[in-house]
Amino acid sequence: MIRLEDFLGRPYEEACRAFRWDLPETYNIALDVCGRWAREDPRRVAILFESDRGRRAVVTYGALWETACRLANALRANGVGRGDRVAIVLHQRVETAASHIAVYLLGGVAVPLTRQFGPDALVYRLAHSACKAAIVDPTVVPKLAGLHDQLPSLELVVASHDEDLPELPEGGRVGTCRYVPWSRFIEHASGTFEPSATAPDDPALILYTSGTTGPPKGALHGHRVLLGHVPSVQLFFDFVPQGGEVYWTPADWAWIGGAFDLLFPALKFGGPVVAFETTKFDPERAWHLMAAYGVTHTFLPPTALKMCMQLVPPPSLRLQVIMSGGEPVNPAILRWCQEALPGVKVHEIYGQTEANLVCGNCSRLYPVRPGSLGKVFPGHEVVILREDGALASCGESGEIAVRGPGDPVVFLGYWQNPEATAEKYLGTWLRTGDVARCDENGYFYFEGRTDDLIKSGAYRIGPAEVEGCLLTHPAVAECAVIGVPDPVRGQIVKAFIKLRPGYSPSPEQAAAIQNHVRERLASYAYPREIEFVGELPMTTTGKIRRSELRALEASRRAAPPRPPTPPALGSASSVDVE
């Protein structure tokens, strides 16, 4: 971890140059985020849980550690061991954190997935990573039951949480795969466990990220990934821990933002973390939740902030710092926060699944400049590359690149895809696909993407995956997907569709296609706009010219509307948070 005194009284860039990673020979995330607290201060509160149906729980580090150890023992007794992949398909629950900790204790590899995934998205990721076990939300059980002919590696499904447990498959089996309720699975297991001796570079988790061509890729990270995140989290949260912090984010813990921008660093710092299980982000509920639990440090994606701007914040907030990122933070958001939340700092950050939290803001050390991603955080080397691979000059636009692979936040590679890993690099520079410029003071300014990845709210949506799902609908002959501007989400998915003979364009046909994607892929990835076309623009080699479609859309759309004047609490709508 870093210390404030290392940065005060000297230029920020000089302090960053003096920073050195000091990775231990052995390191296990589970011990760092829970084991040491369970040993030193077992009654310390780790997680404050609440569901949108009113269930609540206060969980100590001692209780969390015991639950994780019992789960690790039960998994090992069922043949899950070092290097085995375990899917975790849960939202914000105590079981989610315990499942991660248990897998890391085993020396296994966690594969966090959102419970919003439909069967197509689930089966691809489970099969590609060859998961041996899955710990899932009750809503996922029916989705999995019919997929086992495509999942030869999956041997065990643990269905959490018992209060909502659906009917399991008859006899508790589907083929060779066992289905077991959480409580019965761990009830006789020991609450102590000897952790596997892991090195910082040993695999710990696979995070699937959508690309613009081909299927999703699994970014493999080592245990070192948490150590790589900690200095950046300390800076954007204004040098935590200082005592008295309470952390929360609405971001799904299945994504790197929810898990490693907040959950696990916060547990390492001693928590507590608020876990709020819901299917929708409700800004009114979010304000009241932060006030009720005394949240001091939060990660709110820009989409969530835009929704919160529709309401007047309650006066009882204890907020100190808001971190935001995953999409550009509009200067209007910063202005609103300054007026509506005086004294609360808003720090934008930058990163991606393959190399997270490499740039950002820390107003204690340097001024926040609206529209800027901030400066390079300590321990990272970030540059702008021109198309020819040379370093861009000051103020020149180019692609953001991060020096790797020794940086601990940089991934180990794409799972089972060395070709894609090699393509990600230019020498030792990891190419992000994001276009930006850097000014003479070291501030980075985001300008767009080098590819077609759609950034909708906190989600990254690959058009290839959406197009693949669209093509499974009987009415769709050809399709192309792009992102189009949206005042709330930044971008939404729009699909251009050529219908098969016998099908006619209509609102009903569009709705049927939208529901097909929502149910088969993910609720956040369906095309919110559909345009039926006679032909799609193609290159001479048969590739879709998405750039032409984007240009067409740009010519049609007027400037975005101004944000509405905030009404009193009680009048805002909800948006997806998973």
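Below is a summary of the structure that appears in this document. (Residues numbered from 1 in each chain as written. Predicted model: local features only at pLDDT ≥ 70, side-chain atom pairs only at ≥ 80, totals over all residues. Heavy atoms only, no water.)

**Thoughts on the pattern of salt bridges**
By the definition in use, this model includes 34 salt bridges. Between R115 and D137 there is a salt bridge, with its nearest N and O atoms 3.3 Å apart. Here the residue R115 occupies a position in the loop between β4 (109–112) and α5 (119–128), and D137 occupies one in the loop between β5 (133–136) and α6 (141–145), the gap between them amounting to 22 residues. You'll find R115 and D137 in the same group, each marked buried. Its salt-bridge partner being E399, residue R431 comes within 3.1 Å of it at the nearest N-O pair. With a gap of 32 residues between them, R431 in strand β23 (residues 429–438) and E399 in strand β20 (residues 398–403) connect regions that are remote in the sequence. R431 sits in the partly exposed class, given a relative accessible area of 32%. Judged by its relative accessible area of 11%, E399 falls in the buried class. (Salt bridge = Lys/Arg side-chain N within 4 Å of Asp/Glu carboxyl O. Helix = DSSP H or I, 4+ residues; strand = E, 2+ residues; numbered from the N terminus. Buried < 20%, exposed > 50% of the residue type's maximum accessible area, 1.4 Å probe, protein only.)

**Some points on helix α14 (residues 463–470)**
When you tally the buried positions in α14, you get six out of eight residues, the bulk of the element. Every buried residue of α14 is accounted for by P463, E465, V466, E467, C469 and L470. Elements that come into contact with the buried residues of α14 comprise α5, β26 (459–461), β27 (476–486), β28 (490–499), α15 (507–520) and α16 (546–556). (Contact = heavy atoms within 4.5 Å.)

**Regarding the side chain of E348**
Along the chain, E348 falls in strand β16 (residues 345–352). No salt bridge is formed by the buried E348, whose closest oppositely charged neighbour, K455, lies at an N-O distance of 8.8 Å. Once you skip the residues sitting within four places of it in the chain, E348 turns out to touch S324, E327, P328, V329, G360, N361, S372 and L373. (Lys, Arg positive; Asp, Glu negative; His and termini not counted.)

**Let's talk about unusual backbone geometry**
Peptide bonds are mostly trans, and most non-glycine residues show a negative phi. Note that the residue after G271, namely P272, is joined by a cis bond; omega there is 0°. Here P272 shows up in the loop between α9 (256–269) and β12 (273–277). Cis geometry is found at the peptide bond from G404 to P405, where omega equals 0°. Counting through the fold element by element, P405 comes out in the loop between β20 and β21 (413–414). Phi at D238 is positive, roughly 65°, even though this residue is not glycine. Following the sequence through the fold, D238 ends up in the loop between α8 (224–236) and β11 (247–248). Backbone geometry places Q416, a non-glycine residue, at a positive phi of 55°. Looking at the element boundaries, Q416 is found in the loop between β21 and α13 (418–424). Look at Q416 and you get exposed, because its relative accessible area is 59%.

**Topic: the packing of helix α2 (residues 29–40) against helix α3 (residues 61–77)**
Between α2 and α3, the least distance of the axes is 8 Å, while the angle of their chain directions is 120°. In terms of their interaxial angle, α2 and α3 are classed as oblique. Once α2 is placed against α3, the crossing between them reads as left-handed. Contact residues: A30, L31, V33, C34, G35, W37 and A38 in α2; Y61, G62, L64 and W65 in α3. Among the residues forming the contact of α2 with α3, the class breakdown is nine nonpolar, two polar and no charged. (Axes fitted to C-alpha atoms, helices over the stretch in contact; angles between N-to-C directions. Parallel < 35°, antiparallel > 145°, perpendicular 65-115°, else oblique. Left-handed = near helix turned anticlockwise from the far one by under 90°. Nonpolar A, V, L, I, M, F, W, Y, C, P; charged D, E, K, R; others polar.)

**Considerations on empty space enclosed by the protein**
Applying the stated criterion across every chain yields a total of two cavities of 30 Å³ or more. Estimated volume of the second largest cavity: approximately 90 Å³. Every residue along the wall of the second largest cavity is listed here: G325, G326, E327, P328, E348, I349, Y350, G351, L373, F446, K455 and R460. Class assignment of the residues belonging to the lining of the second largest cavity gives a composition of five nonpolar, three polar and four charged. (1 Å grid on protein atoms, 1.4 Å probe; cavity = no way out; pocket = protein on both sides within 12 Å on 5 of 7 lines; lining within 4 Å. Points joined across faces, edges and corners; volume = space filled by probe spheres on them.)

**Some words on the sheet that holds strand β29 (residues 529–532)**
Paired through their backbone hydrogen bonds, the strands of a sheet run either parallel or antiparallel. Across the sheet, three strands lie side by side as β27-β28-β29; this open sheet has mixed pairing. Two strands close off the open sheet at either side, each with one partner strand: β27 and β29. Adjacent strand axes in the sheet meet at a mean angle of 25° when their direction is disregarded. Where β28 and β29 come together, four bridges link them in parallel fashion. When the bridges of β29 are listed, F496 appears paired with E531. Across the sheet, α15 lies against β27, β28 and β29, angled at about 125° from β29, the strand it touches most. (Pairing = 2+ DSSP bridges.)

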